[in-house]
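Topology and contacts: notes
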Amino acid sequence: MTISLALLVTATVLIAVGGVLLLTRPLTRILLGAVITSNGINLLLLAVTGLSGPAPLLYPGVDPASVTDPLPQAITLTAIVITLATTAFILAMAYRSYQLTGTDEVHDDIEDRRVALRSEVYDRRSELRSRYREADRDPEVRRRYRAERRQLSARLRADRALQARGRDASGDLWNDILGADPADYPQGPESGEEGGPETPGPGGNGPSGPDTGPSGAPDTSAPDEPAAAPAEPGATGQEAPESTGPQATDTTTRPEPPTPGGQAPGSGGATPSRPGETPVPGDDSGATATRPRRVVPPPDAQHPPEDPVPDGHPEAVRRRPRPQDHPAPDPHPGPAPYPSTPPGPESARKPYPRPGRADRPQPPGDLR
Amino acid sequence: MNALVPLPVLLPLFATGLSLAAGIRLKRFQRFISVAVLTAVVVISVVLMIAADDGPLSVHLGDFAPPLGITLVADRLSGLMLTVSSLVTLCVLVYSLGQGMADKDDETPLAVFHPAYLILVAGIACTFLAGDLMNLFVGFEIMLVSSFVLLTLGGTGPRIRAGSTYVIISLLSSMIFLVAIAITYAATGTVNFAQLAERFDDLSLGVTTLIQAMLLTVFGIKAAVFPVAAWLPDSYPTAPAPVTAVFAGLLTKVGVYCMLRTETLLFPGNRLGNLLLVVALASMIIGILGAVAQTDLKRLLSFTLISHIGYMVFGIGLADREGIAGAIVYVVHHITVQTTLFLVAGLIERRGGTTELTRLGGMARSAPLLSLLFFVPAMNIAGIPPFSGFIGKLALMRAGVDNGSVLAWVLVGGSTLTSLLTLYVIVKVWNLAFWRSEPPGQAAEGTVMESQEDDADADDADDEADVGGPAVTPQDDQGIPVRPGGGQVVATSITGKAVTTTKRPPRTMLAATAATVVLGLSYTVLAGPLAAYTDRSAQELLTRTPYIEEVLRP
């Protein structure tokens, strides 16, 4: 059979173009790649029909053997229809992903990211080590070396805690993974503990616990709560210099018993996550009660904080402006969840807590 | 009798239409339709399996002869696969009904779980009965699109992410499949299996090997063999528990079935046998080593799944009668056992609030029935006699030893090592989740957990559940409130995605899981007939004449 070269070449080019697009990260681009590739493949199938022939007329009779082969056309139609359905589905997924995370990028698996992060951190560590060995051993250099090492370890631990929380997170990724924002509790370093991935557990509401259930409700109920899902080490790494968040991670995740397989999840829930709160007895990390808190020296002019998330890293997606960063004013403000002020004439009704940093409510006094 | 062949595909499709028409208002009717249709499919599959013992059954749809028409063929292998898969899907459907998943689907305007599930069953049946490459592709796609829907049920963040990965990889495999079909048609002028089996002999070796390699890649992606298996632990664990069970049990085995079918029917002579054996060894070892490193039960089971796919590819790679028979026995066993383990993982999640092994514990004392339901399939998959896992592994190892080549011996050693490591993994799970005493952070009964895995799972209206009391703040013995294991407990169910940990899961779920366990045990009792049937099946596959004659007879 003779196959048209033009169709073959076009099909090959289209498949190649689509294949390259399939390797990108945004889901819309992947979809475009899928569509272009399937177009190429459909052309390939069409090319298989061989030369075109006369129309399949019964009267006046046309020799059936010279008519164009109908079977590949049927196959092509089937393929087109299937591609259409898959395209529609991927579009819906891309939009949903955009609704949830503000971007339609396909993020890595948490496990894969952990492995990649660990290898990167180890590389940096060995590089630091070799640099340290060559440099003068004065206390300044030593302090800087240790600070950088600590930041790297903190980054690893943050990611481990993220892993642990990612496994048993609730539906609200913002609260689970980022926890309450340190900017929301501008009381100082103690209350700034919450920043960072240490904030726990329980449904991730900042100050919710088993006893403040209903008050924790509105924070997680907004269905379009921004969820900067996998960019947390980036976000927390950014906040590390300004808050002592990672130190909370440091103090609380160390006493985990080593688990087989090396994955040490943050057994976070049993550990103190409230600023200044003594760890409750009965949890498995009772040793944290007396562990002193270490403080990373804040970065000064000579030692700018290292940027743990360089641009272009998949975790940097967090930095892109999301629609949730500029929330529209809420047309139906509800009552403030806490501290619950009675709606008197003089107390203005606070707007419903929206996913913006300025709106975050203060934790009640007993949890500070 | 030949008229029965299209029914396993048609009945679920018809029931999907009825189910969608019933919609969310007639939930009882939806449930009844699903269960009734799947039971009918089970019965028809058993009839087909018994009837196929005398020779393959075939039907030309619309009475169009090949190559122009679609042919559905039910031979012994198809009948056996259909029976096992329909039994397993029925059990998983009952499990999910018990979980109330379909009913509490308040996120979606339509209750899509039942229709999507039925389409999945139809797609699987279409794949098992397909008599040509294009129909195989269509069956694949029916299965895949419904699996997309089931995987991303609820549209939560992690599911969309995992779903994206799964969808893209599946799309890729479908594209490669299409290219392979194009090349096949260009080379031979047909896509019908029986005609291809005749026409491939006339082709040059390069073309047939190219097509073989492409088809093996596609089916390997689907079956999750080592080089292309990374998508499986990435996407399967995030789905709801019964959905993961069905995927793990069935979708990967569809890939293995296709490998079996094409390797024996289209490409006799086993040219890529060594490659298959190497890939099998890699899957076995790397998969189980991946499982060793996990602490989450569902991920662990996903890696175990990859590892045991290696066993089946081992049998296919040997390509002699004993190897193929061993592979078929192992497929039958593994469908059942893997599904059971995932169903039990779902039950564990309900009981303990998490599948993270480091947070579980003490279930042997607090949930003895659940422990038993885990222990039996766990020993089964680890290859402990007298269970079917042992029988399957014995058959495969014997086939390897009889083959006698160096690579086969290496694989026998590798499969022994994998079996031991599987036992290690199972014992680790048993120790961490069941045998040791309860860690202090474990949630008490009746605490409401907000978990992503069991979306739409609020079973407060489910009167079969024994709720162990109101949501209380758990306390240790000094009355000091203990903050339970992190990320687990909220006092309210806000978005409706809460699951109450119960003292006893709904009876339907337990019954369905117990049914799959009993099915797995039945393979031990029926080992004789099963081995004989698979031996005849392998014989029929390797001598391709019964199949070809049945399809191409005028």
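Small disclaimer: the values here were computed from a predicted structure and weren't measured. (Residues numbered from 1 in each chain as written. Chains lettered and ligands numbered in written order. Predicted model: local features only at pLDDT ≥ 70, side-chain atom pairs only at ≥ 80, totals over all residues. Heavy atoms only, no water.)

Description of the overall build of chain B
Here is the rule we go by: Secondary structure follows DSSP: runs of H or I at least 4 residues long count as helices, runs of E at least 2 residues long count as strands, and numbering of each begins at the N terminus. Between buried and exposed lies partly exposed: a residue is buried under 20% and exposed over 50% of the maximum accessible area for its type, with that area taken using a 1.4 Å probe on protein chains only. Contacts are assigned to residue pairs with any non-hydrogen atoms lying within 4.5 Å of each other. All accessibility values rest on the Shrake-Rupley procedure with a 1.4 Å probe; residue burial counts only the protein chains present in the view.
Each helix and strand in chain B was counted, giving 20 helices and 4 strands. Scored against the burial criterion, the 554 residues of chain B give a buried share of 66%. Sequence-distant contacts in chain B: of pairs separated by 6 or more residues, those separated by 24 or more amount to 82%. Only carbon and sulfur atoms are counted for the fraction: they give 67% of the accessible area of chain B, which is about 17,000 Å².

What about the overall build of chain A?
Helix and strand counts for chain A come out as 9 helices and 0 strands. Across chain A, helices and strands are ordered from the amino to the carboxyl terminus as α-α-α-α-α-α-α-α-α. Looking at the 368 residues of chain A, the share that counts as buried comes to 49%. Across chain A, the fraction of contacts at a sequence separation of at least 24, relative to all contacts at a separation of at least 6, is 69%.

Some words on the UniProt feature "transmembrane region" (unreviewed entry) in chain A
Residues and elements named next belong to chain A. What counts here: UniProt positions are given in the numbering used here, feature names are shortened, and annotations may be inferred rather than shown by experiment.
On the UniProt side, "transmembrane region" (unreviewed entry) is annotated at positions that read residues 6–23, 30–51 and 71–95 here. Along residues 6–23 one finds 94% helix and 0% strand; the C-alpha atoms at either end are 26 Å apart. Summarising residues 71–95: 100% helix, 0% strand, and an end-to-end C-alpha distance of 36 Å.

Some details on a nonpolar patch on the surface
Residue and element names in this part refer to chain A. Applied cut-off: Residues enter patches when they are more than 30% accessible in relative terms and free of salt bridges; like-charged ones are connected within 9 Å and nonpolar ones (Val, Leu, Ile, Met, Phe, Trp, Tyr) within 5 Å. Definition used for salt bridges: Asp or Glu carboxyl oxygen within 4 Å of a side-chain nitrogen of Lys or Arg.
Taken together, the side chains of Met-1, Ile-3, Leu-5, Leu-8, Val-9, Val-13 and Val-17 present a nonpolar region at the surface, about 610 Å² in accessible area. Within the secondary structure, Met-1 is located in the segment before α1 (5–22). Overall, the relative accessible area of 61% leaves Met-1 in the exposed class.

A few points about the packing of aromatic side chains
For any two aromatic rings, the description comes down to two numbers: the centre-to-centre distance and the angle of the planes. Defined as follows: To pair, rings of Phe, Tyr and Trp, with the six-membered ring standing in for Trp, must have centres within 6.5 Å; the planes then decide the type, stacked if under 30 degrees apart, edge-to-face if over 60, and tilted in the middle.
A complete count under the given rule lists 21 aromatic pairs over all chains for this structure. Taken together, a centroid distance of 5.0 Å and an interplanar angle of 25° make the contact between Tyr311(B) and Tyr330(B) stacked. With a gap of 19 residues between them, Tyr311(B) in helix α12 (residues 297–318) and Tyr330(B) in helix α13 (residues 321–352) connect regions that are remote in the sequence. Here Tyr311(B) matches Tyr330(B) in class, with each residue buried. Linked through ring pairs, Phe89(A), Phe148(B), Tyr166(B), Trp231(B), Tyr236(B) and Phe247(B) together constitute an aromatic cluster.

Looking at helix α18 (residues 507–525) of chain B
Residues and elements named next belong to chain B. Note the cut-off: By this rule, a helix spans an expected 1.5 Å times one less than how many residues it contains.
Given a rise of 1.5 Å per residue, 19 residues ought to cover 27 Å, and the 26 Å separating the end C-alpha atoms of α18 matches this to within 8%. The set of residues buried in α18 consists of Met-509, Leu-510, Ala-512, Thr-513, Thr-516, Val-517, Leu-519, Gly-520 and Tyr-523. Summarising the contacts, the buried residues of α18 are in contact with α3 (76–99), α13, α15 (368–382), α16 (388–403) and α19 (527–542).

Let's talk about the side chain of Thr152(B)
Using the following cut-off: Polar contact criterion, stated in full: a pair of N or O atoms within 3.5 Å, where within protein one must be able to donate a hydrogen and the other to accept it, and residues adjacent in sequence count only if both atoms are side-chain atoms.
Turning to its location among the elements, Thr152(B) is positioned in the loop between α5 (133–151) and α6 (157–188). Its relative accessible area of 10% is what places Thr152(B) among the buried residues. In terms of polar contacts, Thr152(B) uses its side chain to reach the backbone carbonyl oxygen of Phe148(B), at 2.8 Å. Those residues in contact with Thr152(B), other than ones at most four positions away along the chain, are Phe89(A), Met93(A), Arg159(B) and Gly163(B).

Describing the pattern of salt bridges
Residues and elements named next belong to chain B. On inspection of all chains with the given rule, the structure shows 10 salt bridges over all chains. Among the salt bridges present, the one from Asp-53 reaches Arg-536, with a minimum N-O distance of 2.9 Å. Of this pair, Asp-53 sits in the loop between α2 (27–51) and β1 (57–60) while Arg-536 sits in helix α19, and the two are 483 residues apart along the sequence. Among the residues examined, Asp-53 registers a relative accessible area of 23% and is labelled partly exposed. Note that Arg-553 is salt-bridged to Glu-550, the shortest N-O span being 3.1 Å. Relative accessible area serves as the criterion here: at 15%, Glu-550 is assigned to the buried category.

Notes on the packing of helix α10 (residues 241–265) of chain B against α13(B)
Residues and elements named next belong to chain B. Applied cut-off: Lines fitted to the C-alpha atoms define the axes, with helices restricted to the stretch that makes contact. Angles between their N-to-C directions range from 0 to 180 degrees. To sort the angles, those under 35 degrees are grouped as roughly parallel, those over 145 as roughly antiparallel, those from 65 to 115 as roughly perpendicular, and the leftovers as oblique. In this classification, Asp, Glu, Lys and Arg are treated as charged, Ala, Val, Leu, Ile, Met, Phe, Trp, Tyr, Cys and Pro as nonpolar, and every other residue, Gly included, as polar.
The interhelical angle for the contact between α10 and α13, taken along N-to-C directions, is 170°, at an axis separation of 7 Å. It follows that α10 is roughly antiparallel to α13 by the angle criterion. The residues of α13 that touch α10, namely those facing Ala-241, Pro-242, Thr-244, Ala-245, Ala-248, Gly-249, Leu-250, Lys-253, Val-256, Leu-260 and Thr-264, are Ile-324, Ile-328, Val-331, His-334, Ile-335, Gln-338, Thr-339, Phe-342, Leu-343 and Gly-346. Of the residues that constitute the contact of α10 with α13, the class distribution is 13 nonpolar, 7 polar and 1 charged.

Remarks on the environment of Val5(B)
Residue and element names in this part refer to chain B. Mapped onto the fold, Val-5 is located in the segment before α1 (7–22). As for Val-5 and Ser-45, which are separated by 40 residues in sequence, their C-alpha atoms are 8.7 Å apart. When sequence neighbours within four positions are dropped, the list of residues in contact with Val-5 reads Leu-48, Leu-57, Leu-72, Ala-74 and Leu-129.

Side note on the environment of Ser147(B)
Structurally, the position occupied by Ser147(B) is in helix α5. Note: C-alpha distance between Ser147(B) and Gly123(B) (24 residues apart in sequence) is 9.9 Å.

Concerning the packing of α2(B) against helix α4 (residues 113–129) of chain B
Residue and element names in this part refer to chain B. For the pair α2 and α4, interaxial distance at closest approach is 10 Å and the crossing angle is 10°. Taken together, the axes of α2 and α4 lie roughly parallel to each other. Touching Gln-30, Arg-31, Ser-34, Val-37 and Leu-38 of α2 are His-114, Pro-115, Tyr-117, Leu-118 and Val-121, all from α4. Across the contact of α2 with α4, the residue classes tally to 6 nonpolar, 3 polar and 1 charged.

Quick look at the confidence of the model for chain B
In plain terms, the rule: Scored from 0 to 100, pLDDT reflects the predictor's confidence in each residue.
Averaged over chain B, the pLDDT score is 86; the fraction of residues at 70 or greater is 87%. Confidence over residues 450–498 of chain B falls short of pLDDT 50; this stretch has 145 contacts with residues more than four positions distant or in other chains.

With respect to the side chain of Thr358(B)
Counting through the fold element by element, Thr358(B) comes out in the loop between α13 and α14 (363–366). Within the structure, Thr358(B) has its side chain in polar contact with the side chain of Glu356(B) (distance 3.0 Å).

Here we look at α4(B)
A rise of 1.5 Å per residue sets the reference length of α4(B), with its 17 residues, at 24 Å; its end C-alpha atoms lie 24 Å apart and thus fit the reference within 8%. Among the 17 residues that make up α4(B), 16 are buried, leaving the element largely enclosed by the rest of the structure.

Comments concerning unusual backbone geometry
Residue and element names in this part refer to chain B. The omega torsion of the bond from Pro-66 to Pro-67 falls at 5°, within 30 degrees of zero and hence cis. Relative to the elements of secondary structure, Pro-67 occurs in the loop between β1 and β2 (71–74). Here the bond from Pro-385 into Pro-386 is cis, since omega is 0°, no more than 30 degrees from zero. Along the polypeptide, Pro-386 turns up in the loop between α15 and α16. The backbone phi angle of Asp-63 is positive, close to 60°, even though this residue is not glycine. For Asp-63, a relative accessible area of 69% gives the class exposed.

Describing the pairing of β2(B)
On a regular strand, each side chain points to the face opposite its neighbour's, so the side chains alternate between the two faces of the sheet. Residue and element names in this part refer to chain B. Note the cut-off: In this analysis, strands are considered paired if DSSP registers two or more bridges between them.
Because side chains alternate across β2, one face comprises the buried residues Thr-71 and Val-73, and the other comprises Leu-72 and Ala-74, equally buried. Sheet analysis places β1 next to β2, joined by 4 bridges and oriented antiparallel. In the sheet register, Val-59 faces β2, and the bridge partner there is Leu-72.

Some words on the environment of Glu549(B)
Residue and element names in this part refer to chain B. You can see Glu-549 is positioned in helix α20 (residues 545–552). For Glu-549, a relative accessible area of 54% translates into the label exposed. Remark: the alpha-carbon pair of Glu-549 and Pro-56, spanning 493 residues in sequence, is separated by 9.3 Å.

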